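# Per-entry structural report
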Amino acid sequence: MEVLNLLNPYRPGAGHTPPYLAGREQEIGNFVKLLDQQIIIKNCILTGLRGVGKTVLLDEFKNVAINEGWLWTSNEISESVSLTEERLCYRIMADLSIVTSGISIKKIREEPVGFTGKETEIDIPLNFRNIEDLFDEAAGLESDKLKYILEYAWDQIKRNMPQVKGLIFAYDEAQSLYDDTKNKTFALTMLLDVFQSIQRKKIPFMLLLSGLPTIQSRLVESRTYTERMFTILFLHKLSDDASRLAILKPIERENCPIQFNKDSIDLITHKSGGYPYFIQFLCKETFDIFLQQNSAGQELTVPIDSIMIKLDDDFFAGRWGILTDRQRELLSVIAHLESCEEEFTVQEIVTESKKYEITAFSNSQVNQMLSSLIVTGLIFKNRFGKYSFAVPQLNEFILRQNIAISKL
Ligand SMILES: Nc1ncnc2c1ncn2[C@@H]1O[C@H](COP(=O)(O)OP(=O)(O)O)[C@@H](O)[C@H]1O
Ligand SMILES: [Mg+2]
């Protein structure tokens, strides 16, 4: 008897490797170009809305970089409180130690008292503990100490792994990295300053920051930001062709019991808007339902309305649930703006809010509320000071909610 492979291949979930990575050839090509640099002039920012595929592309970049002879170390910046300079130094040293701990360095050890003045040389690993000791012994400000450590580490890497082209420090969720002027901590400025300085000394350590587009305005706000320091890769939704591949490739295998017909492919492409997370989600649900319809001998149809309700629950409800009523009102006003899927201004929101049976919003209220919505990750401010939704199709979700505000 024929054995059917019933496993559902789709992977909706933050950071879950998709069964087929569709349509990112251009971004990968641009990244490969960055790897051609012998002296690093350009670092990389990978940005885009939530669920567009930054984290999984970062994984792909890692494979590409390692294949090209680079070392790679990565971490997620997930602090809810601002990162101090000191903590960032330790973070970077910990990340560095992952690639250097196999290297031995020489250390002079003084013989214990009694064995007059005799010194011996011993081998110790360049692991976190020993890097930390070197850091503590170094002179100057934290940034000077960190520069010293990075220079020292490169020297050792070169000596021990002469074929290595360089080292990439990749930070995901890097929108959480910023200068906190209130608490006088300038972690982001320090990071940029340290990398600029070591890159000037021809040390091939490259910085790759990935995260929500807030990242760009954070950089603009930071004192040392120079746009020249980064190539910005802005991930957009997938094209229709790439969306089709993302839908179809995973079920192109022997004995797959499910085939999507043209109508369901078109429906998923359309409803997902080309956003990878939505594609994975809609495909996963559809696959399961088709399996059942199949075995019950029914015609295959996609119950799209029920699936969309499930998607609302899965993707949006959590973020929506923590908002205050007034914040929801504000977002509803924004969702009615014609330009809400691109960008909007405080003034546009204020003007729009006057058309509804709600207490209108003043400029300063809108300003303040947008700032707190940025913290929740629903909104971002672009480098020209305009605002956008940080979550795809948020406007459609809001309009599906029954808190519709009525026109005057
Ligand atoms: N190019 C792609 N093709 C197919 N699926 C993708 C692609 N990029 C991302 N995905 C899927 O989309 C979802 C979100 O990806 P993720 O990298 O977590 O997004 P982000 O980090 O931007 O929020 C995951 O389920 C992932 O498998
Ligand atoms: Mg991510």
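Structure: above.
Right, let's walk through the structure included here. Not measured: the values here are computed from a predicted model.

### Some points on the overall build of the chain
- Assigned secondary structure in the chain consists of 15 helices and eleven strands.
- Here the chain holds 408 residues, and 50% of them are scored as buried.
- Of all intrachain contacts in the chain linking residues separated by at least 6 positions in sequence, the fraction that spans at least 24 positions is 73%.
- Within the structure as shown, the chain displays about 20,400 Å² of accessible surface, and the carbon and sulfur contribution to it stands at 49%.
- The centroid of the 45 positive side-chain charges in the chain is displaced by 4 Å from the centroid of its 55 negative side-chain charges.

### Quick word on the environment of Met 369
- Within the secondary structure, Met 369 is located in helix α14 (residues 363–375).
- Setting aside residues no more than four positions away along its own chain, Met 369 makes contact with Arg 326, Gln 327, Leu 330 and Phe 361.

### Focus: the side chain of Gln 199
- Turning to its location among the elements, Gln 199 is positioned in helix α6 (residues 187–200).
- Since its relative accessible area comes to 4%, Gln 199 is described here as buried.
- When neighbours within four sequence positions are excluded, Gln 199 is seen to be in contact with Ile 39, Ile 40, Asn 43, Phe 205, Met 206 and Leu 207.

### Comments concerning the site of ligand 1
- Close to ligand 1 lie 23 residues, the nearest being Arg 11, Gly 15, His 16, Gly 51 and Lys 54.
- Gly 13 is positioned such that a nitrogen or oxygen atom in its backbone is 3.1 Å from an oxygen atom of ligand 1.
- Interatomic distance of 2.8 Å between a side-chain N/O atom of Lys 54 and an oxygen atom of ligand 1.
- Within the complex, the protein chains bury 96% of what would otherwise be the 570 Å² of accessible surface of ligand 1.
- When contributions to the shell around ligand 1 are tallied by element, the ones reaching two or more residues are α2 (54–67) and α10 (276–295).
- Tallied by class, residues from the shell around ligand 1 come to eleven nonpolar, eight polar and four charged.

### Quick word on the state of the cysteines
- Taken as a whole and judged by the stated rule, the model has zero disulfides.
- Lacking any disulfide linkage, Cys 283 is separated from the closest cysteine sulfur, that of Cys 256, by 11 Å.

### Points about the pattern of salt bridges
- Scanning all chains against the criterion turns up twelve salt bridges.
- Here Arg 400 ties to Asp 312 by a salt bridge, and the two come within 2.6 Å at their closest N and O atoms. With Arg 400 in helix α15 (residues 394–400) and Asp 312 in helix α11 (residues 304–321), this pair connects stretches of sequence that are 88 residues apart.
- Residue Arg 400 is classed as partly exposed on the basis of its relative accessible area, which comes to 32%.

### Quick look at the sheet that holds strand β9 (residues 230–234)
- The strand order β2-β5-β8-β1-β9 describes an open sheet built from five strands, whose pairing is parallel. What marks the edges here is a single partner per strand, and that holds for β2 (70–76) and β9. Here the average twist between neighbouring strands, direction ignored, is 15°.
- Pairing of strand β5 (residues 166–172) with strand β8 (residues 205–211) involves five bridges; the strand directions are parallel. In the strand pairing of β8, Leu 167 is matched with Phe 205.
- Running at roughly 165° to β9, helix α1 (residues 25–35) makes contact with β1 (43–47), β2, β5, β8 and β9 of the sheet.

### Some points on helix α13 (residues 346–353)
- Taken residue by residue, α13 has Val 346, Ile 349, Val 350, Glu 352 and Ser 353 as its buried positions. Across the axial projection of α13, the buried residues extend over an arc of 165°, all falling on one side.
- Its buried side turned inward, α13 meets α12 (325–335), α14 and β11 (387–389).

### Some remarks on the packing of aromatic side chains
- Scanning all chains against the criterion turns up 20 aromatic pairs.
- Plain terms: the ring middles of Tyr 277 and Phe 278 are 6.2 Å apart, the flat faces sit at 75° to each other, and that makes the pair edge-to-face. With respect to class, Tyr 277 is no different from Phe 278; both count as buried.
- Consider the rings of Phe 278 and Phe 316, whose centres lie 6.0 Å apart with planes at 40°: the pair is tilted. Of the two residues, Phe 278 sits in helix α10 while Phe 316 sits in helix α11, which places them 38 residues apart along the sequence. Neither residue differs from the other here; Phe 278 and Phe 316 are each classed as buried.

### Focus on the nonpolar core
- One finds Phe 31, Ile 168, Leu 208, Phe 260, Leu 331, Ile 334 and Ile 379 to be the most contacted residues of the largest nonpolar core, which totals 82 residues.
- Considering each element in turn, this core owes the most residues, ten residues, to α10.
- In contact with Ile 168, other than residues within four places in its own chain, are Phe 31, Leu 35, Ala 65, Trp 70, Leu 71, Trp 72, Thr 73, Met 206 and Leu 208.

### Remarks on the environment of Ser 332
- Its place among the elements puts Ser 332 in helix α12.
- A sequence separation of 65 residues divides Ser 332 from Phe 397, and the C-alpha atoms of the two residues are 9.9 Å apart.

### Things to note about the pairing of β8
- With seven of seven residues buried, β8 lies mostly within the body of the structure.
- Alternating residues of β8 divide into Phe 205, Leu 207, Leu 209 and Gly 211 and Met 206, Leu 208 and Ser 210, and every residue in both groups is buried.
- Summarising the sheet, β1 and β8 pair through four bridges and their orientation is parallel. Within β8, the position partnered with Leu 46 by the bridge is Ser 210.

Conventions adopted
- Residues numbered from 1 in each chain as written.
- Chains lettered and ligands numbered in written order.
- Predicted model: local features only at pLDDT ≥ 70, side-chain atom pairs only at ≥ 80, totals over all residues.
- Heavy atoms only, no water.
- Helix = DSSP H or I, 4+ residues; strand = E, 2+ residues; numbered from the N terminus.
- Buried < 20%, exposed > 50% of the residue type's maximum accessible area, 1.4 Å probe, protein only.
- Contact = heavy atoms within 4.5 Å.
- Areas by Shrake-Rupley, 256 points an atom, 1.4 Å probe, with all protein chains shown as cover.
- Lys, Arg positive; Asp, Glu negative; His and termini not counted.
- Charge placed at Lys NZ, Arg CZ, Asp CG, Glu CD.
- Near = heavy atom within 4 Å.
- Polar contact = N/O pair within 3.5 Å; in protein donor to acceptor, adjacent residues only side chain to side chain.
- Nonpolar A, V, L, I, M, F, W, Y, C, P; charged D, E, K, R; others polar.
- Disulfide = S-S within 2.5 Å.
- Salt bridge = Lys/Arg side-chain N within 4 Å of Asp/Glu carboxyl O.
- Pairing = 2+ DSSP bridges.
- Axes fitted to C-alpha atoms, helices over the stretch in contact; angles between N-to-C directions.
- Arc of directions from axis to C-beta.
- Phe/Tyr/Trp six-rings, centres within 6.5 Å; stacked < 30°, edge-to-face > 60°.
- Core = buried A, V, L, I, M, F, W, Y, C linked by side-chain atoms within 4.5 Å.

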